[in-house]
Amino acid sequence: MSDGVPINDVARVMGHEQISTTLDRYTHAFEAGAEKVRESFAGFPLTLEADEDERAD
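Computed from a predicted model, the values in this text were never measured in an experiment. (Residues numbered from 1 in each chain as written. Predicted model: local features only at pLDDT ≥ 70, side-chain atom pairs only at ≥ 80, totals over all residues. Heavy atoms only, no water.)

Trainee: Before we go on, may I ask you to explain the overall build of the protein in this structure?
Mentor: Along the protein, the regular secondary structure elements total 5 helices and 0 strands. When its helices and strands are written in sequence order, the protein yields α-α-α-α-α. With 57 residues in all, the protein has 9% of them scored as buried. As displayed, the protein offers around 5000 Å² of accessible surface, 52% of which is attributable to carbon and sulfur atoms. (Helix = DSSP H or I, 4+ residues; strand = E, 2+ residues; numbered from the N terminus. Buried < 20%, exposed > 50% of the residue type's maximum accessible area, 1.4 Å probe, protein only. Areas by Shrake-Rupley, 256 points an atom, 1.4 Å probe, with all protein chains shown as cover.)

Quick look at the structure:
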């Protein structure tokens with residue numbers, strides 16, 4: 001999944017009937033990169049508050 005393989009493909013190959021099983025077992029690998037994701041989005045207005053502040057300007 002960290003290489004961009006769709007989660008449904010991973011689930012199918014691993015034999016999981018539910019995608020949630022795949023997510024539960026393998027998404028911990030993404031936690032290591034979570035801070036990098038937060039840093040890359042730090043400059044983007046992703047919240048409703050940020051959008052409202054821009055309209056007020």
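Trainee: Any chance you could explain the packing of helix α1 (residues 7–14) against helix α2 (residues 19–26) here in plain terms?
Mentor: Each pair of packed helices gets described by two things: the angle between the helix axes and the distance between those axes. At a minimum axis separation of 9 Å, α1 and α2 run at an interaxial angle of 95 degrees. One way to sum up the angle between α1 and α2 is to call them roughly perpendicular. When α1 is examined against α2, the residues I7, N8, V10, A11 and M14 are found in contact with a partner set consisting of I19, T22, L23 and Y26. Here the contact of α1 with α2 is composed, by residue class, of 7 nonpolar, 2 polar and no charged. (Axes fitted to C-alpha atoms, helices over the stretch in contact; angles between N-to-C directions. Parallel < 35°, antiparallel > 145°, perpendicular 65-115°, else oblique. Contact = heavy atoms within 4.5 Å. Nonpolar A, V, L, I, M, F, W, Y, C, P; charged D, E, K, R; others polar.)

Trainee: Help me out: how do you make sense of the side chain of H16 in this one?
Mentor: Within the fold, H16 resides in the loop between α1 and α2. Reaching out from H16, the side chain makes a polar contact with the side chain of T22 at a distance of 2.7 Å. (Polar contact = N/O pair within 3.5 Å; in protein donor to acceptor, adjacent residues only side chain to side chain.)

Trainee: Where do I start with a nonpolar patch on the surface in this structure?
Mentor: Side chains of V13, M14 and Y26 sit close together on the surface and give an oily, nonpolar patch of about 300 Å² of accessible area. One can find M14 in helix α1. (Patch = residues over 30% accessible without salt bridge, like charges linked within 9 Å, V, L, I, M, F, W, Y side chains within 5 Å. Salt bridge = Lys/Arg side-chain N within 4 Å of Asp/Glu carboxyl O.)

Trainee: Can you help me understand the pattern of salt bridges in this one?
Mentor: Scanning all chains against the criterion turns up 1 salt bridge. R12 is the partner of D9 in a salt bridge, and the nearest nitrogen-oxygen pair spans 3.2 Å. Of this pair, D9 and R12 are both found in helix α1, 3 residues apart, which corresponds to roughly one turn of the helix. In this structure R12 comes out as exposed when scored by relative accessible area, which is 59%.

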